[in-house]
Number of protein chains: 2
Amino acid sequence: MTASETLTASLEDYMEAIFHIIAEKHAVKPRDIARRLKVSYASVTGALRSLADKKMINYTPYDLITLTETGEAAAKDVVRRHEVLKDFFVEVLGVRDADADNAACRMEHSIPKVLVDRFVKFVEFVETCPRGGDKWIKGFMYQCDNKGPQENCEKCISTCLDEVRGHMRRGGAKTMETSKLKDLKPGQKCKVLKVRGRSEANRRVLEMGVTPGSVIELERVAPLGDPIDIKVKGYHLSLRKDEAEGIDVEII
Amino acid sequence: MTASETLTASLEDYMEAIFHIIAEKHAVKPRDIARRLKVSYASVTGALRSLADKKMINYTPYDLITLTETGEAAAKDVVRRHEVLKDFFVEVLGVRDADADNAACRMEHSIPKVLVDRFVKFVEFVETCPRGGDKWIKGFMYQCDNKGPQENCEKCISTCLDEVRGHMRRGGAKTMETSKLKDLKPGQKCKVLKVRGRSEANRRVLEMGVTPGSVIELERVAPLGDPIDIKVKGYHLSLRKDEAEGIDVEII
DNA sequence: CATTATAATTAGTCTTGCCTAAGTATTTAC
DNA sequence: GTAAATACTTAGGCAAGACTAATTATAATG
Ligand SMILES: [Mn+2]
Ligand SMILES: [Mn+2]
Ligand SMILES: [Mn+2]
Ligand SMILES: [Mn+2]
């Protein structure tokens, strides 16, 4: 029982780095990790040994590095915390991408689970609530740039009035134009309306958090439309064509 | 030049503890710090030496501990980061007080200045913007409790309509009932409308961040109405009666 | 294939920050 | 005013996590 089951902030960063390198290069060597984290080779070797002790990676000297089952889960969890924080900083607080990324990677290690979930829900809420949304965040940005209470408050409110009226005329949040997930372009966001079918594929999709009401963002589509990379509740997810087929969405 | 000018997370926590103990007991002894941070006496002694090296505290063995000029500034800065984060977690995300406090005290050490400022502005925005505010946050809480998109969306929107109409009828954000700061009850929040006069006292107040548009919360009033403790932009501030006199506010 | 260049590991050092145990100072109690 | 209790410091140890320097393994090159 020499190994503890929780990772330190430093080791989490190593896991994160390994995860990302695997995602883009398939093979991981100490060199890549050292470059990415800006530490010496010696430090990497030390960290790798420590991670191997904790059963997070498969590591024998001079060999390729892979993640274990538990290691992959741990890495994904760190990445998620990073993404969730960054998302909030960029989408809601309007912080510059690089700053957000930096801050997220430092704060990701100390944020508890309850808060991660709240952040996810909050971003989702801001993006879907007819009282919040795009215009509302713009109002906040305006206030940030001009320090002091916003001058365009009236304009903002009348816009809100129009939008809210339109929303109610359409019958609340119930009726809206539905699209297929595959019709989205990379970068676009949508709200899930329905996940049709009850196949094994659909079950997996639902388990992953693609449930009615959740907001997902299309990250990229492979040349032939398969697979489709999306982000949902801070998780990256790769869907096969048939899995994406049965998902009805509303483009935001 | 044996001492560095930046504090580690651990030392920041010691500074925070010292600051709070001073605020409530006037004198600081290692015992108090050890109890508060749940560390051994030996650890406290070590930290105190380190902080003295860095010119943050005045410390000689067996003597009372006080903050230096720079130490007080550093301590206030940590406390502010803590408060700002906690405020957001409680007021906007609706996290339980103890959880929020815990998370804040772990994350406070890694949040950069730009983000702290953004958090302050965002909470202020949510609390003052007629499109945001109380009802809007309640909508979020509802969504949190019931996981899934909110059912009371229509009700929320019609409330919004009413509020926004009322707001416009009153002539936008311009005209509203003004009160004096001293009329507030502890716990109440208000938005600063005007800081009258240009005396030395007023200058100090403005410098501290009590500027038109900012949101302040009354923490407590001493028996004779002097001094008045308030919280503004994450800072705690103690105002004398004459300083509070010239501040016009709108109760939120 | 031998040589050189690069990558990786090992060995050893340093700092931070915690601990326990032991010794010293101060306070409290009688 | 001495004895006992409590508070505080010192000494020494340990783990994490970085580093440099030296050594060894692998890859590249002619
Ligand atoms: Mn990260
Ligand atoms: Mn990180
Ligand atoms: Mn704190
Ligand atoms: Mn802290």
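To start, this report covers the structure provided alongside it. (Residues numbered from 1 in each chain as written. Chains lettered and ligands numbered in written order. Predicted model: local features only at pLDDT ≥ 70, side-chain atom pairs only at ≥ 80, totals over all residues. Heavy atoms only, no water.)

## Some remarks on the sheet that holds strand β4 (residues 189-195) of chain B
All names here are of chain B. What the six strands build is an open sheet, ordered β3-β8-β4-β5-β6-β7; its pairing is antiparallel. In the strand order of this sheet, the two ends are held by β3 (179-180) and β7 (235-239), each with one partner. In this sheet, strand β8 (residues 247-251) lies alongside β3 in antiparallel orientation, the contact comprising two bridges. Residue pairing for β8: K180 is matched across the bridge by D248. Strand contacts of helix α4 (residues 69-92): β4, β6 (228-232) and β7, with the helix running at about 105 degrees to β7, the strand carrying the most contacts. (Pairing = 2+ DSSP bridges. Helix = DSSP H or I, 4+ residues; strand = E, 2+ residues; numbered from the N terminus. Contact = heavy atoms within 4.5 Å. Axes fitted to C-alpha atoms, helices over the stretch in contact; angles between N-to-C directions.)

## Some words on the coordination of the manganese ion (ligand 4)
Residue and element names in this part refer to chain B. Protein coordination at the manganese ion (ligand 4) comes from D13 (OD), C105 (O), C105 (SG), E108 (OE) and H109 (NE2), with a distance range of 2.0 to 2.7 Å. Counting residues between consecutive donors of the manganese ion (ligand 4) along the chain gives the motif D-x91-C-x2-E-H. Metal-to-metal, the separation of the manganese ion (ligand 4) and the manganese ion (ligand 3) is 3.6 Å; C105 coordinates the two. On the basis of relative accessibility, which here comes to 19%, the residue H109 falls in the buried class. (Donors = N, O, S within 2.8 Å, 3.2 Å for Na, K, Ca; no water. Buried < 20%, exposed > 50% of the residue type's maximum accessible area, 1.4 Å probe, protein only.)

## Remarks on the nonpolar core
Of all hydrophobic cores here, the largest spans 52 residues; its most connected members are F89 of chain A together with F89 of chain B. Those elements that provide at least two residues to this core are α4 (69-92), α5 (97-107), α6 (113-128) and α7 (133-146) of chain A together with α4, α5 (97-107), α6 (113-128) and α7 (133-146) of chain B. (Core = buried A, V, L, I, M, F, W, Y, C linked by side-chain atoms within 4.5 Å.)

## So, the protein's contact with DNA strand C
Taken together, 19 residues are adjacent to DNA strand C, and R31, R49 and Y59 of chain A together with T8 and S43 of chain B come closest. Take the atoms of DNA strand C that sit within 4 Å of the protein: sugar and phosphate atoms are 83% of them. For DNA strand C, a phosphate oxygen lies 2.9 Å from a polar atom in the side chain of T45 of chain A. The separation between a phosphate oxygen of DNA strand C and a polar side-chain atom of S43 of chain B is 2.6 Å. Of all the secondary-structure elements, those providing two or more residues to the surface near DNA strand C are α2 (30-37) and α3 (41-53) of chain A together with α1 (9-25) and α3 (41-53) of chain B. Here the surface near DNA strand C gets four residues from one element, more than from any other, and that element is α3 of chain A. (Near = heavy atom within 4 Å. Polar contact = N/O pair within 3.5 Å; in protein donor to acceptor, adjacent residues only side chain to side chain.)

## Considerations on the protein's contact with DNA strand D
Within the structure, DNA strand D sits among 19 residues, and T8 and S43 of chain A together with R31, R49 and Y59 of chain B are positioned closest to it. For DNA strand D, the backbone portion of the atoms within 4 Å of the protein, that is sugar and phosphate, comes to 79%. Between DNA strand D and S40 of chain A, the relevant distance is 3.0 Å, taken from a phosphate oxygen to a main-chain nitrogen or oxygen of the residue. A distance of 2.4 Å separates a phosphate oxygen of DNA strand D from a polar atom in the side chain of Y59 of chain B. Taken together, the elements giving at least two residues each to the surface near DNA strand D come down to α1 (9-25) and α3 of chain A together with α2 (30-37) and α3 of chain B. When residues in the surface near DNA strand D are grouped by element, the largest group, four residues, is from α3 of chain B. Residue classes in the surface near DNA strand D are distributed as 10 nonpolar, five polar and four charged. (Nonpolar A, V, L, I, M, F, W, Y, C, P; charged D, E, K, R; others polar.)

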